[in-house]
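Chains, contacts and geometry: an overview
These are the residues of each chain, in order.
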Amino acid sequence: GRVQPTDQIVWRINYRVLIGILVAAVVVPLLFAAVHKYQMQRMAAIFLQRAEKSEAEGDLKGAVQSIGRYLQFRPGDLEAGIRMALHLHAIAEGPRQMRRVYYLFGRILRQDPMQHEIRLKRAKLLLHQENEFYLREAVADLDFLKAQLTEELAGLVRDGMTGSKMARENRN
């Protein structure tokens, strides 16, 4: 009955248990990742809905907060970033919030340099600063806009779009 030190212990591998453990080691993390992704998408959608509701109610501060939370989930959403920046620009008070608007405008322009409305608003914001760096940056923005608009106008002229032709097309 008793095991003697000279007796050998035989180990057997239970293949069913081993396969079960290996399958669980693969499936459980994938399941957690799928649930996490679903929750992140759901949370992002909820924050965007809250922002739209706040906008409809005229609560720009609430909209800025909700869009900011949404952007934590979807930082590359340019349209949401533009909405947030424009709302914050409309309600900004004091130099701290104006710096935040400046930062947001800059981030948008790095994503899409052709956002002319944002560039113009940033230039106007910078023109009110007494710092030489900001003034130079405002002039650079205005020069960029001038070059872009000149190029667009040249393209219209080159394509034969004169003022009267454009007016006729806009009426139709």
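Predicted model only: the values in this text are computed from it and were never measured.

1. Observations regarding the nonpolar core
Across soluble globular proteins, nonpolar side chains have a tendency to be buried as a group. The biggest cluster of nonpolar side chains holds 23 residues, and the ones touching the most others in it are I67, Y70, L71, M84, V101 and I118. For this core, the secondary-structure elements that each account for two or more residues are α1 (15–56), α2 (60–73), α3 (78–91), α4 (94–111) and α5 (116–127). Per-element accounting of this core gives the leading share, six residues, to α4. Excluding its chain neighbours within four sequence positions, the residues that come into contact with I118 are I82, L86, F105, I108 and L109.

2. A look at a nonpolar patch on the surface
Judged by side-chain polarity, I13, Y15, L18, I19, L22, V23, V26, V27, L30, L31 and V35 come together as a nonpolar surface patch covering roughly 1100 Å² of accessible area. Mapped onto the secondary structure, L30 falls in helix α1. Take L30: its relative accessible area is 57%, and that puts it in the exposed class.

3. Remarks on the packing of α2 against α3
The contact between α2 and α3 brings their axes to 9 Å, and the two run at 150 degrees. Between α2 and α3, the interaxial angle falls into the category roughly antiparallel. In this structure, the crossing between α2 and α3 has a hand that is left-handed. Between α2 and α3, the residues in contact are L60, K61, A63, V64, I67, G68, Y70 and L71 and A80, G81, R83, M84, H87, L88, A90 and I91, respectively. Each residue belonging to the contact of α2 with α3 can be placed in one class, and the counts come to 11 nonpolar, three polar and two charged.

4. Remarks on the pattern of salt bridges
Taken as a whole and assessed by the stated rule, the structure comprises six salt bridges. Between E137 and R122 there is a salt bridge whose closest N-O contact spans 3.3 Å. Of this pair, E137 sits in helix α6 (residues 132–158) while R122 sits in helix α5; the two residues are 15 residues apart in sequence, bridging distant segments of the chain. Each member of the pair, E137 as well as R122, carries the same accessibility label: buried. Linking R136 and E132 is a salt bridge whose minimum nitrogen-to-oxygen distance equals 2.8 Å. In this pair, R136 and E132 both sit in helix α6, four residues apart, roughly one turn of the helix.

Cut-off values and rules
Residues numbered from 1 in each chain as written. Predicted model: local features only at pLDDT ≥ 70, side-chain atom pairs only at ≥ 80, totals over all residues. Heavy atoms only, no water. Core = buried A, V, L, I, M, F, W, Y, C linked by side-chain atoms within 4.5 Å. Buried < 20%, exposed > 50% of the residue type's maximum accessible area, 1.4 Å probe, protein only. Helix = DSSP H or I, 4+ residues; strand = E, 2+ residues; numbered from the N terminus. Contact = heavy atoms within 4.5 Å. Patch = residues over 30% accessible without salt bridge, like charges linked within 9 Å, V, L, I, M, F, W, Y side chains within 5 Å. Areas by Shrake-Rupley, 256 points an atom, 1.4 Å probe, with all protein chains shown as cover. Salt bridge = Lys/Arg side-chain N within 4 Å of Asp/Glu carboxyl O. Axes fitted to C-alpha atoms, helices over the stretch in contact; angles between N-to-C directions. Parallel < 35°, antiparallel > 145°, perpendicular 65-115°, else oblique. Left-handed = near helix turned anticlockwise from the far one by under 90°. Nonpolar A, V, L, I, M, F, W, Y, C, P; charged D, E, K, R; others polar.

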